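# Results of the structural survey
In case you want the letters, here they are:
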Amino acid sequence: MRRLTMILAFCSLAPPVGATTFTVEVGPGLTYSPATVTITEGDTVRFVNRGGLHNVKANDNSFRCAHGCDGDGHGGNGASSSDIWFAMVTFPLAGTIGYYCETHGTPTSGMRGTIIVEAAVPVELMNFEID
């Protein structure tokens, strides 16, 4: 009998693994919606200003965004703006990142939110033989 060795992904019946983009609405008013987002390493958050003079600044200064993000290499400007704007931020590492609007909040009060980045679950490979 012929031996056949197969390697199957542990989650072979699961949907394909890939990064996801989540949207956080900035305003109208003095809110982020949702205020707390749970994502996985490698996912992106798209902040969209729906009205009002706002921006998004990380408590740890890792990003400051409105019309793009400061230092994004594309001329982004993280200063608060009342225009309808969007900004994309990708989170490569697990952790908790607080953020706030520089015009209407601080890291501890006012217009603020939290992104919880969970560790990605590695795909485990199984090796077995079929006779």
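Residues numbered from 1 in each chain as written. Predicted model: local features only at pLDDT ≥ 70, side-chain atom pairs only at ≥ 80, totals over all residues. Heavy atoms only, no water.

## Observations concerning the nonpolar core
Note the cut-off: Residues grouped as a nonpolar core are buried Ala, Val, Leu, Ile, Met, Phe, Trp, Tyr and Cys residues, joined through side-chain atoms within 4.5 Å. Buried, partly exposed and exposed residues are distinguished by accessible area as a fraction of the type maximum, computed with a 1.4 Å probe on protein chains only: under 20%, between the cut-offs, and over 50%, respectively. Runs of H or I in DSSP of at least four residues are treated as helices and runs of E of at least two as strands, each being numbered from the N terminus. In what follows, a contact means two residues having at least one pair of non-hydrogen atoms within 4.5 Å.
Counting residues in each nonpolar core, the largest one holds 23 residues, and the members touching the most others are Tyr32, Phe47, Val56, Phe63, Phe91, Tyr99 and Ile115. When contributions to this core are tallied by element, the ones reaching two or more residues are strand E2 (21–26), strand E4 (36–40), strand E5 (44–49), strand E6 (56–58), strand E7 (64–66), strand E9 (86–90), strand E10 (95–105) and strand E11 (110–118). Tyr32 has contacts with Val24, Glu25, Val26, Asn55, Val56, Tyr99, Tyr100, Cys101, Met111, Arg112 and Gly113, leaving out every residue within four places of it along the chain.

## Considering the confidence of the model for the protein chain
This is how it is decided: Residue-level confidence of the predictor is what pLDDT reports, using numbers from 0 through 100.
Of all residues in the protein chain, 87% attain a pLDDT of 70 or more, and the chain-wide mean is 87. Below pLDDT 50 for its whole length, residues 1–16 participates in 29 contacts with residues either more than four positions away or in separate chains.

## Things to note about a nonpolar patch on the surface
What counts is decided by this rule: Exposure above 30% relative accessible area and the absence of a salt bridge qualify a residue for a patch, where like charges join within 9 Å and nonpolar side chains (Val, Leu, Ile, Met, Phe, Trp, Tyr) within 5 Å. The accessible surface values rely on the Shrake-Rupley method and a 1.4 Å probe; as for residues, cover is taken only from the protein chains in view. Here, a salt bridge means any side-chain nitrogen of Lys or Arg that lies within 4 Å of a carboxyl oxygen of Asp or Glu.
Taken together, the side chains of Met126, Phe128 and Ile130 define a hydrophobic patch exposed on the protein surface, amounting to about 250 Å² of accessible area. Among the secondary structure elements, Ile130 is positioned in strand E12 (residues 125–130). According to the relative accessible area criterion, Ile130 is partly exposed, its value standing at 35%.

## Brief notes about the packing of aromatic side chains
The line we're drawing: Between 30 and 60 degrees the pair is tilted, below 30 it is stacked and above 60 it is edge-to-face, where a pair is any two Phe, Tyr or Trp rings, Trp via its six-membered ring, whose centres lie within 6.5 Å. Charge-over-ring contacts are defined here by two conditions on Lys NZ or Arg CZ: a distance within 6 Å of the ring centre and an angle within 35 degrees of the ring normal.
Inspection of every chain in the model, using the stated rule, returns four aromatic pairs. Ring centres 4.8 Å apart and planes at 75° place the aromatic pair Tyr32 and Tyr99 in the edge-to-face group. With Tyr32 in strand E3 (residues 32–33) and Tyr99 in strand E10, the pair connects residues that are 67 residues apart, well separated along the chain. Neither residue differs from the other here; Tyr32 and Tyr99 are each classed as buried. Between the aromatic rings of Phe47 and Tyr99, the centroid separation amounts to 5.3 Å while the plane-to-plane angle is 70°, which identifies the pairing as edge-to-face. You can see Phe47 sitting in strand E5 and its partner Tyr99 sitting in strand E10, a full 52 residues away along the chain. Residue Tyr99 is classed as buried on the basis of its relative accessible area of 0%. Among the aromatic residues, ring-to-ring pairing joins Tyr32, Phe47, Phe63, Phe91 and Tyr99 into one connected group. Sitting over the ring of Phe86, Arg46 keeps its end group 4.6 Å from the ring centre.

## A short note on the sheet that holds E10
The condition is simple: In this analysis, strands are considered paired if DSSP registers two or more bridges between them.
An order of E4-E11-E10-E6-E7-E8 is seen for the six strands of this open sheet, with the pairing classed as mixed. Because the sheet does not close on itself, it has two edges, and the strands there are E4 and strand E8 (68–69). Across seven bridges, E10 lies against E11 in antiparallel orientation. Bridged to Tyr100 within E11 is Arg112.

## Looking at the pairing of E5
Across the six residues that make up E5, a large majority, five, are buried. Direction of pairing for E2 relative to E5: parallel, over a ladder of six bridges. Paired with Phe22 across the bridge in E5 is Val45.

## Concerning the environment of Ile97
Relative to the helices and strands, Ile97 is located in strand E10. The class for Ile97 is buried, based on a relative accessible area of 12%. In the structure, Ile97 is positioned 17 residues away from Thr114 in sequence and 5.7 Å away in space, judged by C-alpha atoms. Setting aside chain neighbours within four positions, we find Ile97 in contact with Ala58, Phe63, Phe91, Gly113, Thr114, Ile115 and Val117.

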